[in-house]
Amino acid sequence: MDQPQALKTMHEAFYQFNWGNPDCYANYIAQSYYYINHSTRLLAFAAGLTKDSEKNLFKRMAKHVSEEMSHEVLCIRDLTGLGRRLEEFPELPETQAFYESQYYRIQSQGAVALLGYVYALETAACMVGPRILKDKVEKIYGPSCSRFLKVHAEEDPDHVEKAREAIISSSNEDKKIIIRNIEITAVLFQGILGAVERQKT
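An account of the accompanying structure is given in this report. Please read these numbers as outputs of a predicted model, since none were measured by experiment. Every residue gets a number counted from 1 within its own chain, in the order that chain's sequence is written. Where totals are concerned, whole chains, interfaces and linings use all residues; where local detail is concerned, this predicted model gives features only for residues with pLDDT of at least 70, and gives and counts side-chain atom pairs only at 80 or more. Side-chain measures here rest on the full set of heavy atoms in the structure, leaving out hydrogens and waters.

Points about the overall build of the protein chain
Along the protein chain, the regular secondary structure elements total ten helices and zero strands. What you see in the protein chain, going N to C, is helices and strands ordered as α-α-α-α-α-α-α-α-α-α. By the convention used here, residues are in contact when the closest approach between their heavy atoms is within 4.5 Å. Within the protein chain, contacts between residues at least 6 apart in sequence are counted, and of these 85% link residues at least 24 apart. The Shrake-Rupley method, run with a 1.4 Å probe sphere, supplies the accessible areas, and residue values consider only the shown protein chains as cover. Approximately 9,400 Å² of the protein chain is accessible, and the part contributed by carbon and sulfur atoms is 53%. Under the convention used here, Asp and Glu are negative, Lys and Arg are positive, and both His and the chain ends fall outside the count. A single reference atom marks each charge: NZ on Lys, CZ on Arg, CG on Asp, CD on Glu. Across the protein chain, the mean location of the 24 positive side-chain charges is 2 Å away from that of the 27 negative side-chain charges. Helix and strand assignments come from DSSP, with helices taken as H or I runs of at least 4 residues and strands as E runs of at least 2, each series counted from the N terminus.

Okay, structure coming up:
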């Protein structure tokens, strides 16, 4: 499957983010907590809306719920390692819009729409995350403050492949919905990164 240009742009923005600024990094982790806290809910919501003909999609999403369980705790541990608290970083409007839009897309377009959100986030984690860890985050903050990125960089390649297989096996109409959500997710995620950088001290 060809990668949409918006996804490539998102990957570049993710790598170029100001990881070296401690306030930026801590705020990124905090904003990740806020949207990751909805991951299992989004997956469960989508699974509940699958059609009888989407048994494989239902099974995949139900399994993915358990795989994502408590990942927001990693963000809290990283913030603690940085000597920061979640309360220092209120949820940004861009972050709220990021995950709230997914509830709408699932309800209006079907469970399959969430595959675009999942694919966009998990390709960033596995294709760009390892380079961010190696080149930037672990060098600056150490492993005790980079658990969230590390876990997703290591676990998400399998998730990406499964999402990719689900997308390829989808109907042409569903592919259009998924690809559009990849593009939307990519643009909105960049909005979070930009908002965090504008708040740096």
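Past the structure itself, the notes keep going.
Looking at helix α3 (residues 39–48)
Along α3, the positions that sit buried rather than exposed are Ser-39, Thr-40, Leu-42, Leu-43, Ala-46 and Ala-47. Down the axis of α3, the buried side of the element spans an arc of 160 degrees, and every buried residue falls inside it. Structurally, α3 contributes buried residues whose contacts are with α2 (22–36), α4 (55–68), α6 (93–109) and α7 (114–127). Only protein chains enter the accessibility calculation, which uses a 1.4 Å probe; a residue whose area is less than 20% of its type maximum is buried, one above 50% is exposed, and one in between is partly exposed. By definition, the arc is the one covered by directions from the helix axis to the C-beta atoms.

A look at the pattern of salt bridges
Note on definitions: salt bridges are taken to be side-chain nitrogens of Lys or Arg within 4 Å of carboxyl oxygens of Asp or Glu. Under the definition given, this model contains six salt bridges. For the salt bridge of Asp-23 with Arg-84, the shortest nitrogen-to-oxygen distance reads 2.9 Å. Of this pair, Asp-23 sits in helix α2 while Arg-84 sits in the loop between α5 (72–81) and α6; the two residues are 61 residues apart in sequence, bridging distant segments of the chain. A relative accessible area of 21% places Arg-84 in the partly exposed class. Put simply, Asp-23, Arg-84 and Glu-88 are held in one network by salt bridges that share partners.

Regarding the packing of aromatic side chains
Ring pairs are drawn from Phe, Tyr and Trp, using the six-membered ring of Trp, whenever the two centres fall within 6.5 Å, and their geometry is named by plane angle: stacked under 30 degrees, edge-to-face over 60, tilted for the rest. Tallying each qualifying case throughout the model produces 14 aromatic pairs. Each ring, one from Trp-19 and one from Tyr-28, has its centre 5.1 Å from the other, and the planes form 80 degrees; the classification is edge-to-face. A single burial state applies to Trp-19 and to Tyr-28, both of which are buried. Plain terms: the ring middles of Tyr-35 and Phe-189 are 6.4 Å apart, the flat faces sit at 85 degrees to each other, and that makes the pair edge-to-face. Of the two residues, Tyr-35 sits in helix α2 while Phe-189 sits in helix α10 (residues 172–198), which places them 154 residues apart along the sequence. Judged by its relative accessible area of 4%, Tyr-35 is buried. Here a set of aromatic residues connected by ring pairs shows up, and it is made of Phe-14, Phe-17, Trp-19, Tyr-25, Tyr-28, Tyr-35, Phe-98, Tyr-117, Tyr-141 and Phe-189. One Lys or Arg, Arg-131, reaches over the ring of Tyr-15 and ends 4.3 Å from the middle of that ring. A ring has a charge above it when a Lys NZ or an Arg CZ is no more than 6 Å from the ring centre and no more than 35 degrees off the ring normal.

A closer look at the packing of helix α1 (residues 5–16) against α7
Where α1 contacts α7, the two axes come as close as 10 Å, and the packing angle between them is 45 degrees. The angle between the axes of α1 and α7 places the two elements in the oblique class. Considering how the two elements wind past one another, α1 and α7 form a crossing that is right-handed. Taking contact as the criterion, the partners of Leu-7, Met-10, His-11 and Phe-14 in α1 are, on α7, Tyr-119, Ala-120, Leu-121, Thr-123, Ala-124 and Met-127. Gly falls in the polar group here, along with every residue not listed as nonpolar (Ala, Val, Leu, Ile, Met, Phe, Trp, Tyr, Cys, Pro) or charged (Asp, Glu, Lys, Arg). Looking at the contact of α1 with α7 residue by residue, the classes come out as eight nonpolar, two polar and no charged. Axis definition: a line fitted to C-alpha atoms, over the contacting stretch in the case of helices. Angles run 0 to 180 degrees between N-to-C directions. Throughout this description, any angle smaller than 35 degrees is read as roughly parallel, any larger than 145 degrees as roughly antiparallel, any in the 65 to 115 degree range as roughly perpendicular, and the remainder as oblique. The hand of a helix crossing depends on one turn: near helix anticlockwise from the far one by less than a right angle means left-handed, and clockwise means right-handed.

Regarding the nonpolar core
Note that soluble globular proteins tend to have their nonpolar side chains buried in a common cluster. Buried Ala, Val, Leu, Ile, Met, Phe, Trp, Tyr and Cys residues form a nonpolar core when they are joined through side-chain atoms within 4.5 Å. Judged by nonpolar contacts, the single largest core of 64 residues is most densely connected at Phe-14, Tyr-28 and Tyr-35. Counting residues per element, this core draws most heavily on α2, which supplies ten residues. Those residues within four positions of Tyr-35 in sequence are excluded, and the remaining contacts are Tyr-28, Thr-95, Phe-98, Tyr-99, Tyr-117, Leu-121, Phe-189 and Ile-192.

Considering the environment of Arg-105
Position of Arg-105 among the secondary structure elements: in helix α6. Once the C-alpha coordinates of Arg-105 and Val-151 are considered, the two residues, 46 residues apart in sequence, prove to be 27 Å apart. Within the structure, Arg-105 has its side chain in polar contact with the side chain of Asn-181 (distance 3.4 Å). Residues adjacent in sequence count toward polar contacts only when both atoms are side-chain atoms; beyond that, a polar contact is any pair of N or O atoms within 3.5 Å, and within protein one must be able to donate a hydrogen and the other to accept it.

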